Amino acid sequence: MSQYDNNTKHAIEPRPDGFLVSIYYSRYQFFPESDAVATACKQALTSIAHEHASKAGREIEQINEQAIRLSMGRNGLSGITSCSASAPAKWK
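What this report covers is the structure whose coordinates are included nearby.

Here is what the cut-offs are and how they apply
- Residues numbered from 1 in each chain as written.
- Predicted model: local features only at pLDDT ≥ 70, side-chain atom pairs only at ≥ 80, totals over all residues.
- Heavy atoms only, no water.
- Salt bridge = Lys/Arg side-chain N within 4 Å of Asp/Glu carboxyl O.
- Helix = DSSP H or I, 4+ residues; strand = E, 2+ residues; numbered from the N terminus.
- Buried < 20%, exposed > 50% of the residue type's maximum accessible area, 1.4 Å probe, protein only.
- Pairing = 2+ DSSP bridges.
- Axes fitted to C-alpha atoms, helices over the stretch in contact; angles between N-to-C directions.
- Core = buried A, V, L, I, M, F, W, Y, C linked by side-chain atoms within 4.5 Å.
- Contact = heavy atoms within 4.5 Å.
- Patch = residues over 30% accessible without salt bridge, like charges linked within 9 Å, V, L, I, M, F, W, Y side chains within 5 Å.
- Areas by Shrake-Rupley, 256 points an atom, 1.4 Å probe, with all protein chains shown as cover.

## A short note on the pattern of salt bridges
On inspection of all chains with the given rule, the structure shows three salt bridges. For Glu65, the salt bridge goes to Lys42, with nearest N and O atoms at 2.9 Å. Here Glu65 is found in the loop between helix 1 (34–55) and strand 4 (69–75), whereas its partner Lys42 is found in helix 1, with 23 residues between them in sequence. For Lys42, a relative accessible area of 25% corresponds to the partly exposed category. With a closest N to O distance of 3.5 Å, Glu59 and Lys92 form a salt bridge.

Structure representation (structure tokens):
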């Protein structure tokens, strides 16, 4: 996985009809708010997908939220809430 920003790592796997985008997102939270991290995780995934498509000079179909596979976790000692997500992106 490649570093995208301070909180996000990502990987792109080419496919015949598009690509698979996978991300790992984590951040410190004094008060655990899993919903906020899940939302930020999904937004990061779609942003990275559109950015990758733009660099390739192509457009992708809208990513269906039900197609996003999401896994959440929290380390109570460090206060880090994390999210792993992946979804297929299809070329238009």
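## Some words on the pairing of strand 1 (residues 2–5)
Direction of pairing for strand 1 relative to strand 2 (residues 8–15): antiparallel, over a ladder of three bridges. When the bridges of strand 2 are listed, Ser2 appears paired with His10. Following strand 1, the chain reverses through two residues before pairing antiparallel with strand 2.

## Let's talk about the sheet that holds strand 4
If you walk across this open sheet you meet the five strands as 1-2-3-5-4, and the pairing is antiparallel. Strand pairing shows two members of the sheet lacking a second neighbour, strand 1 and strand 4, which therefore form its edges. Going from strand to strand, the sheet's axes swing by 25° on average, the running direction of each strand aside. Sheet analysis places strand 2 next to strand 3 (residues 18–28), joined by eight bridges and oriented antiparallel. If you follow Thr8 over to strand 3, its bridge partner there is Tyr25.

## Here's the deal with the nonpolar core
The nonpolar side chains of a soluble globular protein tend to be buried, and buried together. Grouped together as the largest cluster of nonpolar side chains are 20 residues, with contacts concentrated most on Phe19, Val21, Ile23, Leu45, Ile60, Ile63 and Ala85. Where this core is concerned, the elements lending two or more residues are strand 3, helix 1 and strand 5 (80–90). Here the element with the most residues in this core is helix 1; it accounts for eight residues. With sequence-adjacent residues up to four places away left out, Ile63 is seen in contact with Leu45, Thr46, Ala49, Ile68, Ala87, Pro88 and Ala89.

## As for the side chain of His10
Residue placement: His10 occurs in strand 2. The exposure class assigned to His10 is buried, which follows from its relative accessible area of 17%.

## Looking at a nonpolar patch on the surface
A contiguous nonpolar patch, built from Tyr28, Phe30, Phe31 and Ile80 and spanning about 480 Å² of accessible area, is present on the exposed surface. Inspection of the secondary structure assignment puts Tyr28 in strand 3. With a relative accessible area of 52%, Tyr28 lands in the exposed category.

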